[in-house]
Amino acid sequence: MKRFLVIQTAFLGDAILSVPIADSIKNKYKNAEVFVLTIPQNKDVYTLNPNIDEIILYDKHGLENSIFSMIKKIKLLKSIGFDCIITSHPSARTSIISYFTTSKCRIAPSSVSLSFLYTNTISVESMQHQIDKNLALLKLLEFEEKDLVRKINLFFSKDDEKLINGVLEAYSIDHTKKIVVINPVSAWPTKRWPKEYYKELAFMLEQNGYLIVLVGTQKDINIGEYIKNNKKNIVNLMGQTTLKELFAVISKANLLISNDSAPVHIASAFNIPTIEIYGPTLPEFGFYPLSEKKAIFEIKDLDCRPCGRHGGNSCKKSHFDCMMRISPQEVFKTAIEFLE
């Protein structure tokens, strides 16, 4: 029996896009054991997935943020014994962990830090989407196209649906009324379309008879309240959902409107029509939506884009044109086209 380890300890979106690696392994090797090493915040990306046998948590930003904890984690992984380790995470720490497990098969993109610590690497820069970059790693193991699972499979339970079902019941929502989920936040400030624009957009959609559901983290709840602005048909669920509940909320949407952030990939998993707003980053980085119905807003004639792989805390040019020049009216027009 083959035993594989998939390592992804980066952001939520990266974790979501790593799921097809695990699914593809099980698709080719039905009796294989597939383990995932991830951070606690991203655990529920992988739970309930029948293709993942065990999830190992690594709290690298919290209780395990020390060299001694890393050594302890390496010893654990080494004691389990993996036939192959696969990761798309570019960090030096991941490279070191992979190397000291002494697994004889360690695979990563050639662009990662300390790439010489892997037994096999491959250039993935020519691949368009991050999922394709991830799945390219498996081709080093002689996976064929028929073995690869390009779909994102995310799971939630009936209990996870209770929150959104309660909202729909409270607002007497049936199949005739459509739901727009809006994610106005991102981990990086410059990847956020202005909250004033989101407020105007949400108001226009609400005035046209749609139920607006705002999603985000607890620390951004004030942004949600600002956008809601006491409007009856705008529901602020920021900071009120678990990750699984967020999956359930987005799965019920008729449309997601979001910055370049993880909810886009959740919507892709459930094929929810998506409008994605890009600022300092580019769709060409490989994180664009995979839903059949999608639209991307970006300002293409700026020579300062991209200004970083993730954006930043503030606009280096002080004009923030990449976001300010995308108007609520043009996003609203596309949203209505998708909803009607």
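Anything mentioned here points back to the structure above.
**Student:** Explanation requested: the nonpolar core in the structure shown.
**Tutor:** Core analysis: the largest hydrophobic core is formed by 56 residues, its most contacted members being Ile 25, Val 45, Ile 86, Leu 138, Leu 154, Val 181 and Val 213. The element best represented in this core is helix H1 (residues 12–28), accounting for 7 residues.

**Student:** Would you mind going over unusual backbone geometry with me for this structure?
**Tutor:** Glycine aside, negative phi is the norm for most residues, and most peptide bonds take the trans geometry. Cis geometry is adopted by the peptide bond preceding Pro 306, which originates at Arg 305 and carries an omega value of -10°. The backbone of Glu 142 sits at a positive phi, close to 65°, despite the residue not being glycine. Here Glu 142 lies in the loop between helix H4 (130–136) and helix H5 (162–170). In the Ramachandran plot, Asn 230 falls in the positive-phi region, its phi being about 65° despite a non-glycine side chain. Here Asn 230 shows up in the loop between helix H7 (221–228) and strand S9 (234–236).

**Student:** In this structure, what is going on with the sheet that holds strand S7 (residues 179–183)? I would like to understand it.
**Tutor:** In sheet architecture, strand pairing relies on hydrogen bonds along the backbone and comes in two forms, parallel and antiparallel. The sheet built from 6 strands is open, its strands ordered S9-S8-S7-S10-S11-S12 with parallel pairing. Pairing within the sheet leaves two strands with one partner each, and these edge strands are S9 and strand S12 (294–297). Averaged over all neighbouring strand pairs, the angle between strand axes comes to 15°, with direction disregarded. On top of the sheet, H7 reaches strand S8 (211–214) and S9; it is set at about 170° to S9, its chief contact.

**Student:** Help me understand the environment of Leu 154 in this model?
**Tutor:** Here Leu 154 shows up in the loop between H4 and H5. Residue classification places Leu 154 among the buried positions, given a relative accessible area of 7%. With 112 residues separating them in the primary sequence, Leu 154 and Ile 266 have C-alpha atoms 7.7 Å apart. Residues contacting Leu 154, with those up to four places away along its chain left out, are Ile 16, Val 19, Val 45, Phe 247, Ile 266, Ala 269 and Phe 270.

**Student:** Looking at this structure, I do not really get helix H3 (residues 92–100). What am I missing?
**Tutor:** It helps to recall that an α-helix has 3.6 residues per turn; residues three or four apart then point in one direction. Here H3 has its buried residues at Thr 94, Ser 95, Ile 97 and Ser 98. Buried residues of H3 fall within an arc of 165° about the axis and therefore sit on the same side. Each element contacted by the buried residues of H3 is listed here: strand S1 (3–7), helix H2 (67–80), strand S4 (84–87) and strand S5 (106–109). Looking at the residues trailing H3, positive phi occurs at Thr 102, about 65°.

**Student:** Any chance you could explain the pairing of strand S11 (residues 274–277) here in plain terms?
**Tutor:** Consecutive side chains along a regular strand alternate between the two faces of the sheet. Side chains Thr 274 and Glu 276 of S11 all project onto a buried face; the interleaved residues Ile 275 and Ile 277 project onto the opposite face, where all are buried too. Pairing of strand S10 (residues 255–259) with S11 involves 4 bridges; the strand directions are parallel. Counted as the bridge partner of Ile 257 is Ile 275 from S11. With helix H9 (residues 263–269) bridging S10 and the parallel S11, this β-α-β connection has right-handed handedness. Here S11 runs beside S12; their pairing, made up of 4 bridges, is parallel. The residue bridging Glu 276 from the neighbouring strand is Ile 296, located in S12.

**Student:** Please clarify how the sheet that holds S4 should be interpreted in this entry.
**Tutor:** If you trace the 6 strands from one edge of the open sheet to the other, you get S3-S2-S1-S4-S5-S6, paired in parallel fashion. Two strands in the sheet have a free side with no partner beyond their single neighbour: strand S3 (54–57) and strand S6 (120–122). Direction aside, the axes of adjacent strands within the sheet are offset by 20° on average. Relative to strand S2 (residues 33–38), S1 runs parallel, the two sharing 5 bridges. Across the sheet, the residue bridging to Phe 4 is Val 34, located in S2.

**Student:** Whenever I open this one, the packing of aromatic side chains confuses me. Can you help?
**Tutor:** Two aromatic rings are characterised by how far apart their centres lie and by the angle between their planes. Taken as a whole, this structure holds 8 aromatic pairs when the rule is applied. Taken together, a centroid distance of 5.4 Å and an interplanar angle of 75° make the contact between Trp 193 and Tyr 197 edge-to-face. Note on accessibility: Trp 193 and Tyr 197 belong to one class, buried. Look at Trp 193 and Tyr 198: their rings are 4.8 Å apart centre to centre, the planes differ by 85°, and that puts the pair in the edge-to-face class. The pair Trp 193 / Tyr 198 is uniform in exposure class, with both members buried.

Definitions and limits used
- Residues numbered from 1 in each chain as written.
- Predicted model: local features only at pLDDT ≥ 70, side-chain atom pairs only at ≥ 80, totals over all residues.
- Heavy atoms only, no water.
- Core = buried A, V, L, I, M, F, W, Y, C linked by side-chain atoms within 4.5 Å.
- Buried < 20%, exposed > 50% of the residue type's maximum accessible area, 1.4 Å probe, protein only.
- Helix = DSSP H or I, 4+ residues; strand = E, 2+ residues; numbered from the N terminus.
- Pairing = 2+ DSSP bridges.
- Axes fitted to C-alpha atoms, helices over the stretch in contact; angles between N-to-C directions.
- Contact = heavy atoms within 4.5 Å.
- Arc of directions from axis to C-beta.
- Right-handed = clockwise from strand over helix to strand, strands pointing away.
- Phe/Tyr/Trp six-rings, centres within 6.5 Å; stacked < 30°, edge-to-face > 60°.

From the geometry alone we can't say anything about function, so treat these as descriptive.
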